[in-house]
Structures are given as C-alpha cells and as structure tokens.
Amino acid sequence: MKAESTTALKPQVKPTQRGFSLIECMISMAILTIGLLSLLGVFGIAMATTQTSQENNTAKQLANEAMEGILTARETANITWAQINNTGGAGGIFLPGFNPIWNPGADGIIDTADDAASGFQTLEIPGSTGIFAGTCPPDTCVPLTNFQRQITISPVFPAGGGPAYTTLRQVTITVQYTTPQNSIPRQYVLNSYISTYR
C-alpha cells in the first residue's frame, strides 16, 4: 500500500496571509520608540513653558507699571519735564542701570533714589480658599527678588539729522528675570515715547 502524502493535509498559505517577521517587528518598535520619545520631549517643553508663564506675565506687568508711573507723574505735575530723565548730568530722577524691584518711596514714583528704604515689591497669591484676603497670611506673598528693572530715557532725533526734539523723549523699560528652571536671565522690553504735552 502506498503512503499518502502529508502535503495534502497542510493548509494552503497565500502570500498575502503571511505574518510579520521578527525584523519587521523590531523596525516598527524602533519607529514607535522614536515617536514616543519625541512626544515626551515636546511634553517637557510644554511643561517648562507653563511653569515660566507666571514670570513672563509678572515681567510684563512690572514694565507697564513703570510706564504708567512715569505718565501719571507727568499728568499730575508731580515732576517737571527736566526730571523725566535718568540721573546724572541731565538732572533726571530715574536711576540708571538694572535695579531691584523696590516699592515706591516717599515720592510715590518707582525706580528713584528713595525706593530702597521701602523694601521689595511682593506678588500676592491667594491662599487655600482661592480668594484674596489682602494680608499675608492667609495669602502667600512672594518677594520679587528674581526681577530687576531698568528705565532708560533718551532723546529723540529727527530722521534727517539735527538737534534732538525738546518736547519728546524715548522711554525703554527692560525687566530682567530668572526662572527656577533656567538660570539664564530673560528680558521683557517695553518701548514708548513721552512728550511734554498732556
């Protein structure tokens, strides 16, 4: 008796029904790993940006506060036009260079010589209730020791040359700060103009 062939018992496999090989699985795992690592890196950058957003917003507010203080002093005639300048030969009252963020002194104007005695400005964060109480505690008051501000007041010259305008000055306010995640200082710069006219 003739033995039957066992090939008849094997199922027929079409080329489209083949499974993945080990190499194909390894390549797909490598591509998936690279994609997940890239996504993890983007997630880390997003977290760092979120954590520094408070410092960015504080720097913007400190620059606006300085500009509003200068404009208010001019509007209320608390200072003369000659005093709206940096200290030195110009007879101004605003300190040059980067200075700590002090509370305004007796004159009520920020970044002048009498500010240091009044202590650091603080950022008040609501306490556990989420409502501002107006006192620390229960609110949390954070001194702005990682911020510095520079007010630079310079003359404005005509485009075609000639002497500086006597009724117009450029005000550049730079707020420099560091974040807990990065020791490299960041800056926020506000440029504006101020004139003698109210």
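Everything numeric here is computed off the predicted structure, so don't read it as measured data.

Draft legend 1. The arrangement of the nonpolar core in detail. Formed by 25 residues in total, the largest nonpolar core has its most connected members in F94, F147, I151, V171 and I173. Contributions of two or more residues to this core are made by α1 (22-75), β4 (147-155), β5 (168-179) and β6 (182-195). Counting residues per element, this core draws most heavily on α1, which supplies 7 residues. Sequence-distant contacts of F147, that is, excluding residues within four places in its chain, are made with E55, T58, A59, L62, P100, I101, V175, Q176 and Y177.

Draft legend 2. Region of the structure containing unusual backbone geometry. The phi dihedral of D111 falls on the positive side, at around 60°, and the residue is not glycine. Topologically, D111 is positioned in the loop between β1 (99-100) and β2 (122-125).

Draft legend 3. Seen up close, the pattern of salt bridges. Per the stated rule, a full pass over the model turns up 3 salt bridges. One salt bridge in this structure joins R149 and E65, with 3.3 Å as the shortest N-O distance. Note that R149 is positioned in strand β4 and E65 in helix α1, a separation of 84 residues in sequence. For R149, a relative accessible area of 0% gives the class buried. The class for E65 is partly exposed, based on a relative accessible area of 30%. Linking R74 and E75 is a salt bridge whose minimum nitrogen-to-oxygen distance equals 2.4 Å. Relative accessible area serves as the criterion here: at 38%, E75 is assigned to the partly exposed category.

Draft legend 4. Quick peek at the environment of F98. Inspection of the secondary structure puts F98 in the loop between α1 and β1. Placed 77 residues apart in sequence, F98 and V175 show a C-alpha to C-alpha distance of 8.3 Å.

Draft legend 5. Broad picture of the side chain of N99. Locating N99 in the fold gives a position in strand β1. A distance of 3.1 Å separates a polar side-chain atom of N99 from the backbone oxygen of G97. With residues near it in sequence (within four places) discarded, N99 still touches D111, Q148 and R149.

Draft legend 6. Expanded view of the environment of P96. The residue P96 is located in the loop between α1 and β1 in this model. Assessed through its relative accessible area of 47%, P96 is described here as partly exposed. P96 sits 11 residues away from N85 along the chain, and the two C-alpha atoms are 9.4 Å apart. Non-local contacts of P96, meaning those with residues more than four positions away in its chain, are made with N86 and T87.

How each quantity is defined
- Residue numbers here run from 1 along each chain, matching the order of that chain's written sequence.
- For this predicted model, a pLDDT threshold of at least 70 governs which residues receive local features, and a threshold of 80 or more governs which side-chain atom pairs are given and counted, while totals over whole chains, interfaces and linings are taken from all residues.
- The side-chain values count all of the structure's non-hydrogen atoms but skip hydrogen atoms and water molecules.
- We define the nonpolar core as a collection of buried residues of types Ala, Val, Leu, Ile, Met, Phe, Trp, Tyr and Cys that are connected through side-chain atoms lying within 4.5 Å of one another.
- Residue burial is assigned from relative accessible area. The probe radius is 1.4 Å, only protein chains are included, and a residue is buried under 20% of its type maximum, exposed over 50%, and partly exposed in between.
- Here a strand is any run of E in DSSP of at least two residues, a helix any run of H or I of at least four, and the numbering for each starts at the N terminus.
- Contact criterion: two residues are considered in contact whenever any of their non-hydrogen atoms come within 4.5 Å of each other.
- Every case where a carboxyl oxygen of Asp or Glu lies within 4 Å of a side-chain nitrogen of Lys or Arg is listed as a salt bridge.
- Polar contact is the term for a pair of N or O atoms within 3.5 Å; when the atoms are in protein, one must be able to donate a hydrogen and the other to accept it, and sequence-neighboring residues count only if both atoms are side-chain atoms.

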